[in-house]
Amino acid sequence: MGNPVWYITTPIYYPSGDLHVGNAYTTVVADALARYHRLQGEPVLFVTGTDEHGQKIAKNAEVAGLSPLQYVSEIVARIQDPLWSRLHISYDDFIRTTEPRHYRVVQSIFSQLEAEGDIYKGVYEGWYCLPDESFWTESKLVDGHCPDCGRPVEKVRQESYFFRMNRYQDAMIAHIESHPEFIQPASRRNEMLAFLRAGLEDLSISRTGFRWGIPVPSDPDHVIYVWFDALANYLTAAGYLSDPERFARTWPADVHLVGKEIVRFHSIIWPIMLMALKLPLPRTIFGHGWVLLGDTKMSKSRGNVVDPLVLIDRYGLDAVRYYLLKEVPFGADGSYTEDALILRTNVDLANDLGNLLSRSTAMIERFNGGVVPPLHAASDSHVLADEVARVYKEVEACMNRLEVSVALTAIAALIRVANNDSEEQQPWALARQPERREELDNVLYNLAEVCRVLSVLLTPFLIDAPTAMRHQLGIDESVHRYQEAVFGGFPVGTRVRRGDPLFPRIETEASSPKKAAKTVEVEEEPNWISIEDFQKIDLRIGTVKRAEIVEGADRLLKLTVFDGEHDRIIVSGIRQYYKIEDLEGQQVVLVANLKPVMLRGIRSEGMLLAGSVPGALSVVTPSRSLPEGARVK
Ligand code: MSP
């Protein structure tokens, strides 16, 4: 017996067409988490794969004039390579539900549950949503359509095997109630509890009329329902039946990362299957939000998809990974736009991170012949060291809570602090004062060291940049442990190697100088305002004390902001972009003399400043904290 293994899964994808940015999102997040745990020295099992049975796949294959297996095999091969290989998905196992190891598990589970009376034969009469492969009773339909996806459903009446889910309703409610970490985020947990409390029906788990699935062992005219088959993949990949010793180390899974539309399958059907098998339940089912295109979920069946490979070709691997990991807010939906990807890459990676590295190597060359000097005592570097220590812990805490985007936000903030710090220390001025040589050494050391620390912190998220950074810093290019991100470990005397920019700025039509010049020509008479006009706007610093959801308004948050004198209520259209807990305590810039308006029955007394591009928004905040009420001008 070895150490217990940290086991994370993605959903297994339907190979009913090539995968898109939405699917890549789940997989890249799981990959970053797996890489992080490996860096922490834990044994990890990271599994992804494909869900190859079901009526939808059978129909697609027929249309393509191929056998179902031929049809899926071509797509699966492309998912493995080039898709996951080019995104550097570090999976340990790729499971296909058409593999013999999986057939064996599914049939054995079915037989066991049948023998124990949890599966019985009856007649199914109801509705079936083909794109979702899900069963619905009349009462659950919404306007005659699938309540999950809103698409038409078809009537089904056939002999079927049923899984006695109803038996486990109370046990399931009790488990969810006593394990707050089981379904995350909490909003999904509440939805699932409401669903369970409304009453659980037995589930039809076999189909007749088509053959593309795993046959019911005792009655091969029936194929096993594709979700019953698919969910069992998590056991197959853990070594259930095939390798009991391995299974003892890997099971239960730590995290099933899934899109929010399939939380119900994972947090109700799946745990009940496990309860019936008397196996421990997974620790956490995390239902993340969707990548939207405009207002709609990106999906194969809607056809509004973006190919991740095209983005990698255009913008590079790390830019795409960074964007996916950082831009979709933790647990919520996020809109995909190419503009936002470009903005993120230019601001966070080219400007902030890239500049920090090139500035560091350039200054070490200029002021110390390219050699990293020692850190002297009695320095101010504690500020940076403290900040690194804080971010080190914050990243750990975020990753343990699966808040990948928040972890990257903390790292991005550290990059900005380091850039600001090096500017404030004015190394060029220190260099003119020989008596301040030690201070200059400290600045140079700190720059090299913070770049080294960042290369460690970024290792789970980015592929090429950490190595390139370490190459330029002149240190061992591979990172072995997260603990290397402790401040103070730079090998003194190392010679840096200045190199190409880490992330070249992405020039677009809008940002290219040609276009900019043209715009100026056209703008003959700019719409100037006078300083007096500007001074009419009373801009002040405030602190958000409370943020609340406005019922029935998807985009609005009700904020209570302290402006130095009183608490004002401000209704702001930023709900899609911020979590409540990220706002509370934030300092903001507010327009204090804006005429109050009624919004959704709430009197809004001002507004917050925020920058935005389509699909991305950022509230303006002072770079250092200020007393509330301070004037901004
Ligand atoms: N085969 C089932 C899962 C079985 S798991 C035992 C399935 N497959 S799927 O191909 O339709 O989608 C799988 C997953 O892809 C979603 O749950 C989600 O994790 C991811 N996404 C698909 N579209 C997405 C977005 N637009 N945005 C984010 N994730 C998306 O369901």
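This one's a predicted model, so the numbers in the text were calculated from it and none came from an experiment. (Residues numbered from 1 in each chain as written. Predicted model: local features only at pLDDT ≥ 70, side-chain atom pairs only at ≥ 80, totals over all residues. Heavy atoms only, no water.)

Things to note about the packing of helix α1 (residues 21–39) against helix α14 (residues 382–400)
- At a closest axis distance of 11 Å, the pairing of α1 and α14 adopts a crossing angle of 125 degrees. One way to sum up the angle between α1 and α14 is to call them oblique. Between α1 and α14 lies a crossing whose hand is left-handed. Residues Ala32, Leu33, Tyr36 and His37 of α1 touch α14, and the partners they reach there are Glu396, Met399 and Asn400.
- Of the residues assigned to the contact of α1 with α14, the class counts are four nonpolar, two polar and one charged. (Axes fitted to C-alpha atoms, helices over the stretch in contact; angles between N-to-C directions. Helix = DSSP H or I, 4+ residues; strand = E, 2+ residues; numbered from the N terminus. Parallel < 35°, antiparallel > 145°, perpendicular 65-115°, else oblique. Left-handed = near helix turned anticlockwise from the far one by under 90°. Contact = heavy atoms within 4.5 Å. Nonpolar A, V, L, I, M, F, W, Y, C, P; charged D, E, K, R; others polar.)

Remarks on empty space enclosed by the protein
- Here the structure, examined in full by the defined rule, presents five cavities of 30 Å³ or more.
- Counted as a void, the largest cavity has a volume near 720 Å³.
- Lining the largest cavity are 36 residues; nearest its centre among them are Tyr14, Asn23, Glu261, Ile262 and Lys297.
- Those elements that place two or more of their residues in the lining of the largest cavity are β1 (6–13), α1, α7 (226–231), α8 (233–238) and α10 (263–276).
- A per-class count over the lining of the largest cavity returns 15 nonpolar, 12 polar and nine charged.
- When contributions to the lining of the second largest cavity are tallied by element, the ones reaching two or more residues are α1, β13 (284–288) and α15 (404–424).
- It is α1 that provides the largest number of residues to the lining of the second largest cavity, a total of three residues.
- Taken together, the residues of the lining of the second largest cavity break down into 10 nonpolar, three polar and no charged.
- A domain-level breakdown of the lining of the second largest cavity finds at least three residues from each of domain 1 (1–98 + 289–334) and domain 2 (337–485). (1 Å grid on protein atoms, 1.4 Å probe; cavity = no way out; pocket = protein on both sides within 12 Å on 5 of 7 lines; lining within 4 Å. Points joined across faces, edges and corners; volume = space filled by probe spheres on them. Domains from an automatic or database assignment.)

What about the sheet that holds strand β8 (residues 203–204)?
- In spatial order, the strands read β5-β4-β6-β8; together these four strands make up an open sheet with antiparallel pairing. In this open sheet, the two edge strands, each paired with only one partner strand, are β5 (134–136) and β8.
- Of the strand pairs in this sheet, strand β6 (residues 154–163) and β8 are connected by two bridges, and their pairing is antiparallel. Bridge pairing in β8 places Phe162 opposite Ser204.
- Its contacts with the sheet place α10 against β5, β6 and β8, and it is angled at close to 30 degrees to β6. (Pairing = 2+ DSSP bridges.)

Points about the packing of aromatic side chains
- Enumeration over the complete set of coordinates arrives at 19 aromatic pairs.
- On the numbers, 5.2 Å between centres and 55 degrees between planes, the contact of Tyr240 with Phe247 is tilted.
- Members of the aromatic cluster, joined through ring pairs, are Tyr7, Tyr234, Tyr240, Phe247, Trp251 and Trp270.
- The ring of Phe195 has Lys140 sitting right over it, with the charged end atom 5.0 Å from the ring centre.
- Here Arg207 stacks its cationic end above the ring of Tyr128, 4.1 Å away from the centre of that ring. (Phe/Tyr/Trp six-rings, centres within 6.5 Å; stacked < 30°, edge-to-face > 60°. Lys NZ or Arg CZ within 6 Å of the ring centre and 35° of its normal.)

Structural notes on the confidence of the model for the protein
- Residues of the protein with pLDDT of at least 70 account for 95%, and the chain-wide mean is 92.
- Contacts from residues 513–526, a stretch scored under 50 in pLDDT, to residues over four places away or in other chains number two contacts. (pLDDT = per-residue confidence, 0-100.)

Description of the nonpolar core
- Membership of the largest hydrophobic core comes to 115 residues, with the highest contact counts inside it found for Trp84, Leu87, Leu353, Ile411 and Phe461.
- At 12 residues, helix α17 (residues 437–457) tops the list of elements feeding residues into this core.
- Two domains each provide a minimum of three residues to this core, namely domain 1 (1–98 + 289–334) and domain 2 (337–485).
- Residue contacts for Leu353: discarding those within four places in its chain leaves Asp348, Ile415, Leu454, Leu458, Met469, Leu502 and Phe503.
- The next biggest cluster of nonpolar side chains, apart from the first, holds 68 residues, and it includes Met165, Leu196, Ile205 and Ala238. (Core = buried A, V, L, I, M, F, W, Y, C linked by side-chain atoms within 4.5 Å. Buried < 20%, exposed > 50% of the residue type's maximum accessible area, 1.4 Å probe, protein only.)

Concerning the site of the ligand
- Surveying the vicinity of the ligand reveals 26 residues, the closest of which are Ile12, Thr26, Asp51, Val291 and Met298.
- A distance of 2.8 Å separates a nitrogen atom of the ligand from a polar backbone atom of Ile12.
- With respect to the ligand, the side chain of Glu261 contributes an N or O atom lying 3.1 Å from an oxygen atom.
- Judged by the fraction of its atoms near the pocket grid, the ligand is located in the largest cavity.
- Among the elements of the structure, β1, α1, α7, α8 and β12 (255–259) are those that each provide at least two residues to the shell around the ligand.
- Broken down by class, the residue content of the shell around the ligand amounts to 13 nonpolar, nine polar and four charged. (Near = heavy atom within 4 Å. Polar contact = N/O pair within 3.5 Å; in protein donor to acceptor, adjacent residues only side chain to side chain. Sits in = over half its atoms within 2 Å of the grid points.)

A word on the pattern of salt bridges
- Taken as a whole, this structure holds 41 salt bridges when the rule is applied.
- The partner of Asp93 in a salt bridge is Arg101, and the shortest N-O contact between them spans 3.0 Å.
- Looking at Asp93, the relative accessible area reads 14%, which means it is buried.
- Between Lys278 and Glu116 there is a salt bridge, with the nearest N and O atoms lying 3.4 Å from each other. Taken together, the residues span a long stretch of sequence, with Lys278 in the loop between α10 and β13 and Glu116 in the loop between α4 (100–115) and β4 (119–129) at a distance of 162 residues.
- Its relative accessible area of 36% is what places Glu116 among the partly exposed residues.
- Overlapping salt bridges, with partners in common, bring together Lys326, Glu327, Arg344 and Asp348 in one network. (Salt bridge = Lys/Arg side-chain N within 4 Å of Asp/Glu carboxyl O.)

Some details on the state of the cysteines
- Applying the stated criterion across every chain, the model contains zero disulfides.
- In this model Cys149 remains outside any disulfide bridge; the closest cysteine sulfur is found in Cys146, 3.7 Å from its own. (Disulfide = S-S within 2.5 Å.)

Considerations on α14
- Taking 1.5 Å of rise per residue, the 19 residues of α14 would be expected to cover 27 Å, and the 27 Å separating its terminal C-alpha atoms lies within 8% of that figure.
- Among the residues making up α14, those that are buried are Leu384, Ala385, Glu387, Val388, Val391, Tyr392, Val395, Cys398 and Met399. Viewed end-on, α14 has its buried residues packed into an arc of 160 degrees, placing them on one side of the element. Exposed residues lying more than 90 degrees from the buried face of α14 are His382, Val383, Asp386, Lys393 and Asn400.
- Residues of α14 that are buried sit in contact with α1, α15 and α17.
- Once α14 ends, the next one or two residues include Leu402, with phi positive near 70 degrees. (Expected span 1.5 Å × (residues − 1). Arc of directions from axis to C-beta.)

Thoughts on the environment of Leu454
- Relative to the elements of secondary structure, Leu454 occurs in helix α17.
- Exposure remark for Leu454: the relative accessible area of 0% places this residue in the buried category.
- In the structure, Leu454 is positioned 130 residues away from Glu584 in sequence and 27 Å away in space, judged by C-alpha atoms.
- When sequence neighbours within four positions are dropped, the list of residues in contact with Leu454 reads Leu353, Leu356, Ile411, Leu414, Ile415 and Met469.

Some words on the layout of surface pockets
- Estimated volume of the second largest pocket: approximately 360 Å³.
- With four residues, the top contributor of residues to the lining of the second largest pocket is α10.
- Its residues assigned to classes, the lining of the second largest pocket comprises 12 nonpolar, five polar and six charged.

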